[in-house]
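Coordinate inspection notes
Letter by letter, the chains look like this.
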Protein chains: 2
Amino acid sequence: VSADEPGADWFHEEYKGVSRLGLKLRRHLHSERSDFQNIDVYETEFFGRVLTLDGLIMFTERDEFVYHEMLVHVPLLSQPAPREVLIIGGGDCGCAREVLKHPSVERVVQCDIDERVTRVCEEYFEWTARVARDPRCELLFADGIEYVGEHENRFDLVIVDSTDPIGPAVGLFHRDFYAKVRRALRPGGVVSAQSESPHWDPPLVGRIRAELSSVFPKTSAYLGHIPTYPSGTWSWSYASVDRAHDDEFDEERAAKLEATTAYYNRELQTASFALPNFVREALEGKNRFARFGPQ
Amino acid sequence: VSADEPGADWFHEEYKGVSRLGLKLRRHLHSERSDFQNIDVYETEFFGRVLTLDGLIMFTERDEFVYHEMLVHVPLLSQPAPREVLIIGGGDCGCAREVLKHPSVERVVQCDIDERVTRVCEEYFEWTARVARDPRCELLFADGIEYVGEHENRFDLVIVDSTDPIGPAVGLFHRDFYAKVRRALRPGGVVSAQSESPHWDPPLVGRIRAELSSVFPKTSAYLGHIPTYPSGTWSWSYASVDRAHDDEFDEERAAKLEATTAYYNRELQTASFALPNFVREALEGKNRFARFGPQ
């Protein structure tokens, strides 16, 4: 996980010592250790600028649109007129940028524990981070679990834009947190959460589903293609007490949004929930790849 | 593209010098130069055994099922009772293995230019290559373009299971070849072809579409998740004179097949054709990523 290896003008993100993704570097633009994590920004040949936290890729200019569009638009298009949105994590402001494309939204709260992530992004990813200047956007730098616990019947959508379930984000994958999210949602409210790779880690995908569905009666998962996340196959969770992702889909609203997106469109609102067999199995706690390597 | 770098117990596949995928190795099992290409087999920690041709990953035990199931089952399920199938390339026998799951198929011809690929796979991937002993399976080691040109009104499905459009496979991406395929198809016949990554190379995806649609009135594309192919996002083409992928879909037949697959299922027969905006654009010859690195 180092750009400092001998002869390396490459950044490598290693996955459990068995797989790695390499990005050819132009320059190492920024490096610091915040109170919570290492924050680095690289300039690359192919991916534009890249943000890493503790050596893991969070955001590349080339493919971040997939992650942010899918985490945001799928749950927002499942509701007729969402007004208040809470983002847990999301310090890079990518989710807030997408949320504010929805005219019904009056307020988006972005609650990330690490202010330095946002400040670094204001410097190196200004084209996204400038959304924070929108008067509808409120930035908080605080513990997301505590914040969500202070609210009841408040948000139409809670977005869990977390890092992996190690380090600071581990609590964001637990049913105690999801129970707080449930209380913070209005009737008809929805939670969407990044839910890791079913190709590389089926057991983790299964555990996330088990935690979420112990709290939310309606829980489903959807998939997208993110080349710079491990395996390139990424899953998100959609969960609600009383709403399914295609209950009240507004074709006309989605068509308007589609003119502003690089990934999301109307067809994907349903098609991204069509899961390959091995993903369905992972969600049921089965691991078709158990015979391969470490899990 | 080497497992022989200093200190490297890693295999790296590099993409145009700007991105690379690394696989942790256990052993280098086989290496030879055939009349056509370098053939290597590795044993890895996480991916099982891996076949490479000229240093590019063709087949890993962990994720090959995605590629083969999608290239084969989507076009076969679009036809009521396909009987004769031609595979161009496919020397690893992965496509033939999937084709022979279809009870209506009486004969599958696998025409790969390089006999050594099949012989190596018989040794290291016997669990797939043993399909060649099925009496319905005919192996030819010959030029696929010439072979297809010798046939008229013969096949229900032609599968183009090629390497990338460099070296021996370059002719398999040209309209002259597609015109021969068209003549070799029966009425209602279909061609399916691997069609590269819309994330990494939109212009190439656009050129393949242009060549195919200059010959076939009905041309569409579908997507799947293959972690060990460049970007992890892979596309296939579906083309026909007179048939669309969902014209005569037989739910019951697909349900039976689904019990044997790790990726393909009924929902994906339509959902995999739902394309993100940037993929639709690529098929129209537009490149959203033109500002990034070399193309």
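This part takes up the interface of chain B and chain A. Each partner contributes residues to the interface: chain B has 52 residues there, and chain A has 52 residues. Surface buried jointly by chain B and chain A totals about 4500 Å² across both partners, of which 58% is contributed by carbon and sulfur atoms. The three residues of chain B that bury the most area against chain A are F46, R62 and H225 of chain B, which together make up 16% of that side's buried surface. Summed over the shared surface of chain B and chain A, the number is four salt bridges.

Residue and element names in this part refer to chain B. Taken in spatial order, the seven strands make up an open sheet running β8-β7-β6-β9-β10-β12-β11, and their pairing is mixed. Of all strands in the sheet, those with a lone pairing partner are β8 (137-141) and β11 (218-225), marking the two edges. Within the sheet, the average angular offset between the axes of one strand and its neighbour, ignoring direction, is 15 degrees. Looking at chain direction, strand β6 (residues 84-89) and strand β7 (residues 107-112) are connected through five bridges and run parallel. Each bridged residue has a counterpart across the sheet, and for I87 the counterpart in β7 is Q110. Running at roughly 145 degrees to β11, helix α7 (residues 202-213) makes contact with β10 (185-194), β11 and β12 (233-240) of the sheet.

This next bit is on the packing of aromatic side chains. Counted according to the given criterion, the structure contains 40 aromatic pairs over all chains. Here the aromatic rings of Y229 of chain B and W234 of chain B are separated by 5.0 Å at their centres, their planes lie at 65 degrees, and the arrangement is edge-to-face. Of the two residues examined, Y229 of chain B and W234 of chain B, each falls in the buried class. Through a chain of ring-to-ring contacts, three or more aromatic side chains come together here, namely Y67, Y222, Y229, W234, W236, Y238 and F273 of chain A. The residue whose ring lies beneath R62 of chain B is F46 of chain B, and the NZ or CZ to ring-centre distance is 3.9 Å. One residue, R154 of chain B, lies across the ring of F155 of chain B, its end atom 5.3 Å from the ring centre.

Turning our attention to the sheet that holds strand β12 (residues 233-240) of chain A. Residue and element names in this part refer to chain A. Here seven strands make up an open sheet; going across it, the order is β8-β7-β6-β9-β10-β12-β11 and the pairing mixed. Every other strand in the sheet has two partners, leaving β8 (137-141) and β11 (218-225) as the edge strands with one partner each. Sheet twist, expressed as the mean angle between neighbouring strand axes with direction ignored, is 15 degrees. By the bridge criterion, five bridges tie strand β6 (residues 84-89) to strand β9 (residues 155-161) in an arrangement that is parallel. Considered in β9, the bridge of G89 is made with D161. Along the sheet, helix α7 (residues 202-213) contacts β10 (185-194), β11 and β12; its crossing angle with β11, the most-contacted strand, is approximately 145 degrees.

Here we come to the confidence of the model for chain A. Of the residues in chain A, 97% reach a pLDDT of 70 or more, and the chain-wide mean stands at 95. Here the predicted complex scores 0.96 on pTM and 0.96 on ipTM.

Turning to unusual backbone geometry, a few remarks are in order. The backbone of K16 of chain A shows a phi angle near 50 degrees, a positive value even though the residue is not glycine. Following the sequence through the fold, K16 of chain A ends up in the loop between β1 (10-15) and β2 (19-33).

This brings us to the pattern of salt bridges. Tallied over the full model, the rule gives 58 salt bridges over all chains. The closest approach of N and O atoms between R26 of chain A and E45 of chain A, which form a salt bridge, is 3.7 Å. One end of the pair, R26 of chain A, is in strand β2; the other, E45 of chain A, is in the loop between β3 (38-44) and β4 (49-53), and 19 residues separate them in sequence. For E45 of chain A, a relative accessible area of 24% corresponds to the partly exposed category. One salt bridge in this structure joins E84 of chain B and R186 of chain B, with 2.9 Å as the shortest N-O distance. Taken together, the residues span a long stretch of sequence, with E84 of chain B in strand β6 and R186 of chain B in strand β10 at a distance of 102 residues. Taking the relative accessible area as the measure of exposure, E84 of chain B reaches 11% and is therefore buried. Sharing partners across several salt bridges, the network here consists of E84, R107, E138, R154, D156 and R186 of chain A.

The next thing to look at is the relation of the copies chain B and chain A. Relative to chain A, chain B is turned by 180 degrees and slid 0.0 Å along the rotation axis, the superposed coordinates differing by an RMSD of 0.0 Å. Here the symmetry operator amounts to a two-fold rotation axis. A high fraction, 100%, of the interface residues of chain B reappear at the interface in chain A, so the copies pair face to face through one surface.

Residue and element names in this part refer to chain B. Its 13 residues place the ends of helix α1 (residues 64-76) 18 Å apart at the C-alpha level, agreeing with the 18 Å of an ideal helix rising 1.5 Å per residue. Maximal helix bending in α1 amounts to about 25 degrees, located at M70. Burial within α1 is extensive, with 13 of its 13 residues counted as buried.

This part takes up empty space enclosed by the protein. Vacant regions in the atomic arrangement are exposed by a probe of water-molecule size rolled over the atoms. This structure, assessed with the given rule, holds five cavities of 30 Å³ or more. Each pocket or cavity is described by its volume, and for the largest cavity that value is around 310 Å³. Elements represented by at least two residues in the lining of the largest cavity include exactly β1 and β2 of chain A together with β1 (10-15) and β2 (19-33) of chain B. Class assignment of the residues belonging to the lining of the largest cavity gives a composition of 12 nonpolar, eight polar and four charged. Roughly 220 Å³ of volume is contained in the second largest cavity. Forming the walls of the second largest cavity are 20 residues, and the residues nearest its centre are H225, A271 and S272 of chain A together with H225 and A271 of chain B. For the lining of the second largest cavity, the elements supplying multiple residues, two or more each, are β11 and α9 (266-271) of chain A together with β11 and α9 (266-271) of chain B. Here the lining of the second largest cavity is composed, by residue class, of 14 nonpolar, six polar and no charged.

This part is about the environment of R186 of chain B. All names here are of chain B. Judged by its relative accessible area of 17%, R186 is buried. Beyond its immediate chain neighbours, meaning those up to four positions away, R186 contacts R83, E84, N153, R154, F155 and D156. Within the local environment of R186, its side chain forms a polar contact with the side chain of D156, the two groups lying 2.9 Å apart.

Our next topic: the side chain of E84 of chain A. Within the local environment of E84 of chain A, its side chain forms a polar contact with the side chain of R154 of chain A, the two groups lying 3.2 Å apart. With residues up to four places along the chain from it excluded, the contact list for E84 of chain A reads R107, R154, F155, D156, L157 and R186 of chain A.

Below, the discussion takes up the environment of F249 of chain B. Residues and elements named next belong to chain B. Looking at the secondary structure, you find F249 in the loop between β12 and α8 (251-258). Among the residues examined, F249 registers a relative accessible area of 25% and is labelled partly exposed. For the pair F249 and P75, spaced 174 residues apart in sequence, the C-alpha to C-alpha distance is 10.0 Å. Leave out the neighbours within four places in its chain, and F249 touches L77, A254, Y264, R266 and Q269.

Here is what the cut-offs are and how they apply
- Residues numbered from 1 in each chain as written.
- Chains lettered and ligands numbered in written order.
- Predicted model: local features only at pLDDT ≥ 70, side-chain atom pairs only at ≥ 80, totals over all residues.
- Heavy atoms only, no water.
- Contact = heavy atoms within 4.5 Å.
- Buried area = accessible area lost by both parts, 1.4 Å probe.
- Salt bridge = Lys/Arg side-chain N within 4 Å of Asp/Glu carboxyl O.
- Pairing = 2+ DSSP bridges.
- Helix = DSSP H or I, 4+ residues; strand = E, 2+ residues; numbered from the N terminus.
- Axes fitted to C-alpha atoms, helices over the stretch in contact; angles between N-to-C directions.
- Phe/Tyr/Trp six-rings, centres within 6.5 Å; stacked < 30°, edge-to-face > 60°.
- Buried < 20%, exposed > 50% of the residue type's maximum accessible area, 1.4 Å probe, protein only.
- Lys NZ or Arg CZ within 6 Å of the ring centre and 35° of its normal.
- pLDDT = per-residue confidence, 0-100.
- Least-squares fit on C-alpha atoms with pLDDT ≥ 70 in both.
- Expected span 1.5 Å × (residues − 1).
- Bend = angle between axes of the 7 residues up to and from the residue.
- 1 Å grid on protein atoms, 1.4 Å probe; cavity = no way out; pocket = protein on both sides within 12 Å on 5 of 7 lines; lining within 4 Å.
- Points joined across faces, edges and corners; volume = space filled by probe spheres on them.
- Nonpolar A, V, L, I, M, F, W, Y, C, P; charged D, E, K, R; others polar.
- Polar contact = N/O pair within 3.5 Å; in protein donor to acceptor, adjacent residues only side chain to side chain.

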